[in-house]
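Descriptive analysis of the structure
Chain by chain, the residues run as shown.
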Amino acid sequence: VAHEINNPLAVINEKAGLIKDLFSMKEEWAKNEKLMNTINAVLASVERCANITRRLLGFMRNTGVAAESINLKETIQEVLAFLGKEAEYRSFHISVHVDDTVPLIASDRGRLQEIFLNVINNSFAAMKDGGHLDVTVKRHTQDMVSVTIRDDGCGIPKADLERVFEPFFSTKAGKGGTGLGLSITSGLVQELGGEIRVESEVGQGTAFTVLLPIQPKKKE
Ligand SMILES: Nc1ncnc2c1ncn2[C@@H]1O[C@H](COP(=O)(O)OP(=O)(O)O)[C@@H](O)[C@H]1O
Ligand SMILES: [Mg+2]
C-alpha cells in the first residue's frame, strides 16, 4: 500500500514544486500571498503524507532480519521497563509469565521490541487506570512459541476486529492515533516468520497473540 501511495505522491510533489517555481518567476504572482499560501499548503500536506508512508516502509527497508539468541522474558521486560513510568503513574497491574518449556528463540531483538511496544501501547490506551495487563509466553508447537498480551481494557467491537491490522484504521483519530501501529506490527511479525492474532470482547478486554518460530524459517 505504502509503495502504491508513494509513487503518485512523488508526482504531486514534483508538479506542485514546479508550479511554485513558475509562480515565483512572475513578480505579480510571487507577490500574491493567497496564491503562494495555497501552493505551500499543498506542498506541506504532501510532505505530511510522505512522512506517514516513510514510517510504514521504514521498517521493511535496509535492515535485514537478525537471528540473535533471544530470551523472550528479558525482551518483554525491557519493553515494560521502557513503559514503566506510564504504568506506575496509572497504577497498572502487570504480570509476566513464561512457561519453563519455552526455549531461547533465534529472532530479531529490534523487531520484537517494536512489536511488543506497539501492542502494549494499544493496551495501555484501552485500559483504565488501575487496569491489568498479563503477558504469557508458552510453547505453542514443536517449532513455535506464543506470546499473549491480554488487557482488561475497553475491548474491540466485532465489526472492527478484522480491520485493526489495516493501515490507517484507528478509533483514536484526533487523539494522536495514526492507525499505523498494528499494520506495521503485523508486517514485522511476518518478517520474523510469525503470525499475529486477536481476540476481544467489548467491555472485557483484548488479547493479542504473537506466534514466533523458534528457529527462523528458510526463505524459498
Ligand atoms: N488492546 C486494544 N484494546 C482496544 N482496542 C484496540 C487495542 N489494540 C488496538 N485497538 C484498536 O485498533 C486500532 C488500530 O490500532 P493501531 O494500528 O495501533 O493504531 P492507533 O493506535 O494509532 O489507533 C486502535 O485505534 C483501536 O481502535
Ligand atoms: Mg497504536
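Up top you'll find the structure we're talking about.
Read on for a plain summary of the structure. All values reported here derive from a predicted model rather than from experimental measurement.

Thresholds, definitions, all that
Residues numbered from 1 in each chain as written. Chains lettered and ligands numbered in written order. Predicted model: local features only at pLDDT ≥ 70, side-chain atom pairs only at ≥ 80, totals over all residues. Heavy atoms only, no water. Helix = DSSP H or I, 4+ residues; strand = E, 2+ residues; numbered from the N terminus. Rg over C-alpha atoms; globule rule 2.2 N^0.38 Å. Contact = heavy atoms within 4.5 Å. Areas by Shrake-Rupley, 256 points an atom, 1.4 Å probe, with all protein chains shown as cover. Patch = residues over 30% accessible without salt bridge, like charges linked within 9 Å, V, L, I, M, F, W, Y side chains within 5 Å. Salt bridge = Lys/Arg side-chain N within 4 Å of Asp/Glu carboxyl O. Buried < 20%, exposed > 50% of the residue type's maximum accessible area, 1.4 Å probe, protein only. Pairing = 2+ DSSP bridges. Axes fitted to C-alpha atoms, helices over the stretch in contact; angles between N-to-C directions. Left-handed = near helix turned anticlockwise from the far one by under 90°. Near = heavy atom within 4 Å. Polar contact = N/O pair within 3.5 Å; in protein donor to acceptor, adjacent residues only side chain to side chain. 1 Å grid on protein atoms, 1.4 Å probe; cavity = no way out; pocket = protein on both sides within 12 Å on 5 of 7 lines; lining within 4 Å. Sits in = over half its atoms within 2 Å of the grid points. Nonpolar A, V, L, I, M, F, W, Y, C, P; charged D, E, K, R; others polar. Core = buried A, V, L, I, M, F, W, Y, C linked by side-chain atoms within 4.5 Å.

Another aspect to go through is the overall build of the protein. Within the protein, the secondary structure is distributed over eight helices and seven strands. Its C-alpha atoms give the protein a radius of gyration of 22 Å, clearly above 17 Å, the size a compact globule of 220 residues would have. A separation threshold of at least 6 residues defines the contact pool for the protein, and within that pool the share at least 24 residues apart is 71%. Total accessible area computed for the protein in this model is approximately 13,300 Å², and 53% of it derives from carbon and sulfur atoms.

On the surface, Ile5, Ile52 and Phe168 cluster together into a nonpolar patch covering about 220 Å² of accessible area. Examined against the element boundaries, Ile52 turns out to sit in helix α3 (residues 33–58).

Let's shift gears to the pairing of strand β7 (residues 205–213). The side chains of a regular strand alternate, first on one face of the sheet and then on the other. In terms of residue burial, β7 counts as a mostly covered element, since nine of its nine residues are buried. Burial along β7 is two-sided: Gly205, Ala207, Thr209, Leu211 and Pro213 facing one way and Thr206, Phe208, Val210 and Leu212 facing the other are all buried. Here strand β5 (residues 144–151) runs beside β7; their pairing, made up of eight bridges, is antiparallel. Across the sheet, residue Asp151 finds its bridge partner in β7, namely Thr206. Pairing geometry for strand β6 (residues 195–201) and β7, over seven bridges, is antiparallel. Bridge assignment links Glu201 to a residue of β7, and that residue is Gly205. The turn linking β6 back onto β7 is made up of three residues, and Gly203 within it adopts a positive phi angle of 85°.

Turning next to the packing of helix α6 (residues 109–126) against helix α8 (residues 181–191). As a packed pair, α6 and α8 sit with axes 9 Å apart at the nearest point and diverge in direction by 145°. Classified by chirality, the crossing of α8 by α6 is left-handed. For the pair α6 and α8, contact is made by Arg111, Glu114, Ile115, Asn118, Val119 and Asn122 and by Gly181, Leu182, Ile184, Thr185, Leu188, Val189 and Glu191, respectively.

Glancing now at the site of ligand 1. Not every one of the 20 residues close to ligand 1 is listed here, only the nearest: Asn122, Ser170, Thr171, Lys172 and Leu182. Here Ser170 contributes a side-chain N or O atom positioned 2.5 Å from an oxygen atom of ligand 1. The separation between an oxygen atom of ligand 1 and a polar main-chain atom of Gly179 is 2.9 Å. When atoms are counted within 2 Å of each cavity's grid points, the one that captures over half of ligand 1 is the largest pocket. Taken together, the elements giving at least two residues each to the shell around ligand 1 come down to α6, α8 and β7. Looking at which element gives the most residues to the shell around ligand 1, the answer is α6, with three residues. Grouping the constituent residues of the shell around ligand 1 by class yields eight nonpolar, 10 polar and two charged.

This paragraph deals with the nonpolar core. Ranked by size, the top nonpolar core spans 44 residues in total, and within it Leu72, Phe116, Ile120, Val147 and Leu212 carry the most contacts. Of all the secondary-structure elements, those providing two or more residues to this core are α3, α4 (72–82), α6, β4 (132–139), β5, α8, β6 and β7. Ranked by the residues each element gives to this core, the list is headed by α6, at seven residues. Ignoring any residue separated from it by four or fewer positions in sequence, one finds Leu72 in contact with Ile105, Leu112, Phe116, Val137, Val145, Val147 and Leu212.

As summarised here, the arrangement of the five strands in space is β2-β4-β5-β7-β6, forming an open sheet in which the pairing is mixed. The outermost strands of the open sheet, each flanked by one partner alone, are β2 (93–98) and β6. Strand-to-strand twist of the sheet, defined as the mean angle between neighbouring strand axes without regard to direction, takes the value 10°. Across seven bridges, β4 lies against β5 in antiparallel orientation. Within β5, the residue paired with Thr136 across the bridge is Thr148.

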